[in-house]
Structure formats: structure tokens, C-alpha cells
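# Structural features, examined
Take a look at the letters that make up each chain.
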Amino acid sequence: MATFITRFAPSPTGRLHKGHAFSALLGHGLADGAGGRWLLRIEDIDPTRCQGEYEAGILEDLAWLGLDWPMPVRRQSDHLPDYAAVVEALRQRGLLYRCFRTRKAILDAIGDAPHGSAEAARPGPHPADEEAAMLDQGLPFAWRLSLDEARSALGDPDWHALSFVEEGCGPNGETGHIKARPEIAGDVILARKDAGTAYHLAVTHDDALQGISHVIRGHDLFEATHIQVLIQTLMGWPTPVYHHHRLLTGPDGRRHAKRDRSVTLAELRAGGMTAEALRAELGV
Ligand code: GLU
């Protein structure tokens, strides 16, 4: 039987909350049950939001939950040149284009777009003279993946064959063999202006490098899978099996998320909660 390798890949942008605990315990349990491995990966490519103290908090909280993981832990910010090499390879194949637009300009364009956001998320390359002028001025730019170029590079049969296996389910109950629709994500950014890489690129690179056979994560990333399958196929990387799980909601019915200041594991611990009690409450 193929080795089962999964990962828990938090971004150190805040303290972990119950939703993270659920995801980590579920993944660890599935890996244990399959005689496989559960890796911890720190996804800290966002220089504006990630902080070392949160990384230390993640290790502390996971250890408190009773979880263990192989060392060393992969920290994405230690590997920026590796991601840059992938960006360069895709660029040389003509699959990327420079985007100098600001987030605000893109959001404004979405407001103006006649057919909603899907179109605006594909701003397209700048006219050559405009691009040359902005390059001359030394303005920062991001690299976007061109869905049009990706589709012609793959050819229609391979484009239509893009798919993944979902062993959990998506937010609308999607499960089983799922056709990937990269167009729902648009021309995603693969290299941010400030970081030289971006989430979709770093995550697919690392899943391939670390031999991840099963990606276990929340429903909120189900849609991201559609574009990640495309990147894997363009790069010749295997597509793991996916297992998306439900998101926990708080007493107010809203999902737990760092930005909502949900109660953190550190606060629960300080309030006297034990890991056993939390596991029982979460049912994992
Ligand atoms: N780093 C991502 C997050 O914190 C998760 C990445 C993934 O599981 O694909 O939401």
C-alpha cells in the first residue's frame, strides 16, 4: 500500500483556535490509522502578516493537544529561492504575465465588470508599451498565471481531464471524482509583489516535494484545489487525494477564524481546559 503522508500547514498570522485543533486532530488521526505520517509545515511567506511568536505558539498548542510530528519542520520562508525557480520555469514557458495593478484597482474593476468577478480576476497582460514604461519606472509587479496560456500549453483533452479525488466533501457536498475548473479562480497570482511567491505556488511545490499523498484541510480551501490541480499538472507533480472537512462554528453560528478573534487554544488552556476535554468536545 502506498504510504499515507499528510500535513498540517498553518500560517503563523495569529494563535490557533478550535478550528485548527479539529483539523490537526483529524489529520493526525487519519495518518495514524493508515500507518502513515503527519507533517507540520509553517506557511509563512506573507511578510506583512506572519510573526515568529505565532510560530512558537503553534508548536506549543499542537504539543499541548498531544500531537507529534517529524523534525525538522519545513518553514516556507527558508525556501524562497526554490519557489522563485518554479516561477522562472513557468515564466520561461510563457505561462505567466506581469501585473502591476494594485489590489484596489482590481477590486474597482470587479465593481465595473459587466459579468461579475470571474472576468475581473483575469485582468490580462498590460499593453507592451504600458508594461515597458512601468518596468522603466521600477514599479513593483506580481506574476499571474494565464489560464489561456495554460490551456493552450496543455491542450483541450488534458485541460478537460483535470480532476481530483475528494474523500471528504466540499462546502456543497461535492465528493468523489471531481472535475477541476481552474477558471473559478481566475488568473491567480503565483508571485506576489512583496514575496516573490504566493500561496498556490508554495503549497503545491511543497506538497509535491514532501510526497504528500493526502491533503486534509477545511472547506474554505476546497475551491483552491481547482487551481492547485492545474499547477500540479503544468509542473508534472502528482495530485494528492483531497479530504476537505467541515468548518467549526462558534456559539453564534459563525465559523472560527483567526480574524474573528475566536477563542484561542492558549486562552482555553489558560482557562483550565484540558486537551482531553477539547478532543471530546470536537469528537476527534
Ligand atoms: N496555510 C494555509 C492556511 O493557513 C493552509 C494551506 C493548505 O492547507 O493548503 O490557511
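Data block above holds the structure.
In this text, all values refer to a predicted model and were calculated from it rather than measured experimentally.

What counts, and where the lines are drawn
- Residues numbered from 1 in each chain as written.
- Predicted model: local features only at pLDDT ≥ 70, side-chain atom pairs only at ≥ 80, totals over all residues.
- Heavy atoms only, no water.
- Axes fitted to C-alpha atoms, helices over the stretch in contact; angles between N-to-C directions.
- Helix = DSSP H or I, 4+ residues; strand = E, 2+ residues; numbered from the N terminus.
- Parallel < 35°, antiparallel > 145°, perpendicular 65-115°, else oblique.
- Left-handed = near helix turned anticlockwise from the far one by under 90°.
- Contact = heavy atoms within 4.5 Å.
- Nonpolar A, V, L, I, M, F, W, Y, C, P; charged D, E, K, R; others polar.
- Buried < 20%, exposed > 50% of the residue type's maximum accessible area, 1.4 Å probe, protein only.
- Arc of directions from axis to C-beta.
- Salt bridge = Lys/Arg side-chain N within 4 Å of Asp/Glu carboxyl O.
- Near = heavy atom within 4 Å.
- Polar contact = N/O pair within 3.5 Å; in protein donor to acceptor, adjacent residues only side chain to side chain.
- Areas by Shrake-Rupley, 256 points an atom, 1.4 Å probe, with all protein chains shown as cover.

Here we come to the packing of helix H9 (residues 199-209) against helix H10 (residues 222-235). One way to put it is that H9 packs onto H10 with a least axis distance of 10 Å and a crossing angle of 60°. The angle between the axes of H9 and H10 places the two elements in the oblique class. The two elements H9 and H10 cross, and the hand of that crossing is right-handed. Contacts between H9 and H10 involve Tyr199, His200, Val203 and Thr204 from the first element and Ala224, Ile227, Gln228, Ile231 and Gln232 from the second. Per-class residue counts for the contact of H9 with H10 are five nonpolar, four polar and no charged.

Below, the discussion takes up helix H12 (residues 275-282). Along H12, the residues classified as buried are Ala275, Leu278 and Leu282. For H12, the buried positions fall inside an angular range of 60° around the axis, keeping them on one side. Residues of H12 that are exposed and angled more than 90 degrees away from the buried face: Glu276 and Ala280. Of the surrounding secondary structure, the elements contacted by the buried residues of H12 are helix H1 (18-33), helix H2 (52-64) and helix H11 (265-270). Positive phi appears at Gly283, one or two residues downstream of H12, with a value of about 70°.

It is the contact of H1 with H12, at a shortest axis distance of 11 Å, that shows an interaxial angle of 85°. Here H12 runs roughly perpendicular to H1, going by the angle between their axes. Facing H1, whose interface residues are Lys18, Ala21, Phe22 and Leu25, H12 presents Leu278, Arg279, Glu281 and Leu282. Grouping the amino acids of the contact of H1 with H12 by side-chain chemistry returns five nonpolar, no polar and three charged.

Quick look at the pattern of salt bridges now. Enumeration according to the criterion identifies 19 salt bridges in this entry. Residue Arg49 is joined to Asp46 by a salt bridge in which the shortest nitrogen-to-oxygen separation is 3.7 Å. The buried category is assigned to Asp46, whose relative accessible area is 10%. Between Arg122 and Asp187 there is a salt bridge, with its nearest N and O atoms 3.3 Å apart. Here Arg122, found in the loop between helix H5 (117-120) and helix H6 (128-136), pairs with Asp187, found in the loop between strand S7 (176-179) and strand S8 (189-191); they are 65 residues apart in sequence, far enough to count as distant. A relative accessible area of 29% means that Arg122 is categorised as partly exposed. Look at Asp187 and you get buried, because its relative accessible area is 4%. One network of salt bridges, in which partners are shared, links Arg7, Arg41, Glu43, Arg74, Asp206 and Asp207.

The ligand sits among Arg7, Ala9, Pro10, Ser11, Glu43, Tyr199, Val203, Arg217 and Leu221. Interatomic distance of 2.9 Å between a side-chain N/O atom of Tyr199 and an oxygen atom of the ligand. Here an oxygen atom of the ligand sits 2.7 Å away from a polar atom, N or O, in the side chain of Arg217. Across the complex, the protein chains shield 79% of the 300 Å² of accessible surface that the ligand would expose by itself. Within the shell around the ligand, the residues separate by chemical class into five nonpolar, one polar and three charged.

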